Amino acid sequence: MSKKCLGCGVVLQDSNITNEGYTTSIENDICMRCFRLKNYGEYQMVTKSNEEYESILKEISKTKDLVIYVTDILNIEEDFNTIKENFQNNLMLVINKKDVIPRSVKDEKIIHYFKEKYPFFNDVIIISSNKNYNIDYLLKRIKYFQTTKTVYVIGHTNAGKSTLINKLIKNYSENVQELTMSPLPSTTLSTIKIEINEYLTIIDTPGLIDKTSITNYIEKESLKKISPKKEIKPKTYQLKKGQSLLIEDLFRLDYIEGEKNSFTLYISNDLKVKRIIKDRHNNLHDLYKTTYNLPFNQDLVIKGLGFIKITGRGVIDVYIDKKIKTFLRKNLI
């Protein structure tokens with residue numbers, strides 16, 4: 001039986017240094033890629049197709065095992081209904097990285113938001129793997145909904161699946177295995193089986209690559225900058241018609257029509273924001289433009305970057321790389 005890397009799940013091999021899974025000796029427990037990432041922070045890009053991921057999901061759907069879908073609270077997907085279409089299994093939605101949003105935001109409001117919109121989830125739980133927040137409660141709910149010893153963990157890249165599983169190992173297991181963690185995409189390359197205790201075995205899966213996320217189109221240093229490491233301090237701007245906001249050289253919003261309006265940015269504290277007069281500056285106008293007619297109380301979500309809470313009605317133009325998706329939703333916070 002082929003030996004797998006304990007960090008990313010890929011099959012280990014010592015014959016070709018250019019292929020994934022290379023290690024200097026099959027006796028090692030992790031591949032060279034994971035070793036260099038863990039010890040030196042050196043990231044080697046490996047492109048995994050979503051077809052591979054989808055084939056894994058099809059196999060999971062044939063089981064009766066509990067499935068935990070992990071998502072990043074700043075980058076929640078536009079629609080979870082496709083998840084339900086793929087599974088008859090019990091499903092839990094775990095919203096990770098609570099530590100990066102303001103402490104004043106109450107869990108109950110966010111939980112109600114998603115339970116009302118997606119009643120097919122057996123439970124919705126907010127956690128912070130980094131801060132060990134609600135992990136005991138999560139384990140309790142896993143016990144309640146699991147139908148077998150095996151529980152699958154799925155979700156998009158960089159949602160924090162591996163960080164969560166490492167926390168479960170540390171808190172509740174004598175297992176010394178540790179998954180490779182990174183803010184960069186495609187860190188986990190194959191399924192990884194982790195025995196937490198006698199009644200729980202976690203199966204980690206590769207992250208689904210969101211081809212519409214900004215995380216796939218920026219350099220490593222920029223990616224670290226847009227990924228919040230601590231609690232966000234929301235920036236609120238009162239804009240009049242004809243004013244604009246710039247987020248570094250990544251994104252532009254022009255306020256085209258409407259009364260004075262409130263725009264609150266939930267993005268990394270490390271990103272610089274400028275308010276400008278629309279007609280005096282052409283910065284980023286060469287990027288792809290989308291026009292939104294805003295109802296009351298909408299979030300403008302920028303995939304991989306965060307979201308902007310907008311309270312009033314109006315018309316906005318947004319400029320961003322055409323490969324990156326933006327969309328509106330009812331205010332989350």
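Predicted model, so just to flag it, every value in this text is computed and none were measured.

All right, on to the pattern of salt bridges then. As enumerated under the stated definition, the model contains 16 salt bridges in all. Among the ionic pairs, E257 bridges to K241, the shortest N-O distance being 3.7 Å. With E257 in strand β9 (residues 251-257) and K241 in the loop between β7 (235-239) and β8 (243-247), the pair connects residues that are 16 residues apart, well separated along the chain. By relative accessible area, which is 43% here, E257 ends up partly exposed. Residue K278 is joined to D279 by a salt bridge in which the shortest nitrogen-to-oxygen separation is 2.9 Å. The class for D279 is exposed, based on a relative accessible area of 68%.

Right, let's get into helix α4 (residues 107-117). Residues D107, I110, I111, Y113 and F114 constitute the buried set of α4. Angular distribution of buried residues about the axis of α4 spans 155 degrees; they occupy a single face of the element. Exposed residues lying more than 90 degrees from the buried face of α4 are E108, H112 and E116. The secondary structure elements touched by the buried residues of α4 are β2 (91-96), β3 (123-126) and β16 (326-330).

Thresholds applied
Residues numbered from 1 in each chain as written. Predicted model: local features only at pLDDT ≥ 70, side-chain atom pairs only at ≥ 80, totals over all residues. Heavy atoms only, no water. Salt bridge = Lys/Arg side-chain N within 4 Å of Asp/Glu carboxyl O. Helix = DSSP H or I, 4+ residues; strand = E, 2+ residues; numbered from the N terminus. Buried < 20%, exposed > 50% of the residue type's maximum accessible area, 1.4 Å probe, protein only. Arc of directions from axis to C-beta. Contact = heavy atoms within 4.5 Å.

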